[in-house]
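Residues per chain, in single letters:
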Amino acid sequence: MIEKISRIQKIAKNANSPLVAINSSLPLSILVSQKIGFNRYILNFANRNLNTKSAKELNVGSKYWGEVQSQGENIVIKNLYEKPRILDEDILADGLNLIENLIENENLSWFYDYLFKSLSEAKTKDEMKVLAKMLFALQENVVHIPFIYNGTNGVFQLKKEENDMKIFLIFSNFAPLIFKFKDEAMCEITTPFNNVASLLKSEFSANITVQNVSALWSKKEQIIDIKG
């Protein structure tokens with residue numbers, strides 16, 4: 001899985017280039033900065049503001065990914081996908097090492113031991129919150145690991161049922177993906193964007209599908225409100 005993370009980040013590097021501000025081959029990060037009227041918003045992307053109309057209700061202050069195209073003198077933004085809040089959470093410094101260990105050790109007893117030991121030794125409220133979320137996710141049969149890779153925050157989630165396994169992967173600079181495995185062989189990757197699907201086809205031999213992608217687990221604030 002580490003090799004797949006590396007390949008995804010290789011694709012994502014193109015998203016940081018100023019050359020992709022328009023006619024992007026990857027979804028662009030967009031901030032909804034202001035609502036100025038019925039279905040009209042000010043969007044900020046690539047260091048520019050755009051006054052635009054949206055057929056769907058957008059959340060002011062939220063960040064989205066969107067496919068940006070240039071049509072003559074007009075800029076068209078389509079397929080807006082709101083960035084999940086899990087990207088704003090604290091990361092685990094050794095998260096990448098945990099993901100590597102998951103590949104080598106299918107039995108999760110070591111993972112429980114790690115969480116309980118780390119919780120007992122946590123020195124800050126934020127550290128305890130991260131570990132508590134991981135533990136609650138595990139109680140719902142989902143491995144949840146916020147990590148950092150080459151300076152970029154990401155979230156890794158894994159859920160296994162008999163011979164089937166799903167992996168949810170998202171980076172702060174790259175839209176979410178779902179990897180599906182059957183009998184340990186990767187059979188499908190799902191993305192919300194057509195342009196990402198085209199790039200994935202050049203990197204992976206699995207079936208690539210385009211549809212909505214949701215996290216395998218999301219936090220419940222009322223049970224992890226740790227008071228300082």
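You'll find the structure just up there.
Residues numbered from 1 in each chain as written. Predicted model: local features only at pLDDT ≥ 70, side-chain atom pairs only at ≥ 80, totals over all residues. Heavy atoms only, no water.

Undergrad: Just to check I follow, could you spell out the pattern of salt bridges for this structure?
TA: Opposite charge on two side chains permits pairing when their charged atoms draw close. Summed over the entire model, instances satisfying the criterion amount to five salt bridges. The salt bridge partner of K35 is E57, with a shortest N-O separation of 3.2 Å. Of this pair, K35 sits in strand 1 (residues 28–37) while E57 is found in the loop between strand 3 (48–53) and strand 4 (63–71), placing the two residues 22 residues apart along the sequence. Note on K35: relative accessible area 37%, which makes it partly exposed. (Salt bridge = Lys/Arg side-chain N within 4 Å of Asp/Glu carboxyl O. Helix = DSSP H or I, 4+ residues; strand = E, 2+ residues; numbered from the N terminus. Buried < 20%, exposed > 50% of the residue type's maximum accessible area, 1.4 Å probe, protein only.)

Undergrad: I would appreciate a short explanation of the environment of I189 in the present structure.
TA: Mapped onto the secondary structure, I189 falls in strand 10 (residues 185–191). Since its relative accessible area comes to 0%, I189 is described here as buried. Put simply, I189 and I178 are 11 residues apart on the chain and 5.5 Å apart in space, counted from C-alpha to C-alpha. Every residue in contact with I189, bar those within four places of it in the chain, is listed here: L177, I178, F179, L200, F204, A206, N207, I208 and T209. (Contact = heavy atoms within 4.5 Å.)

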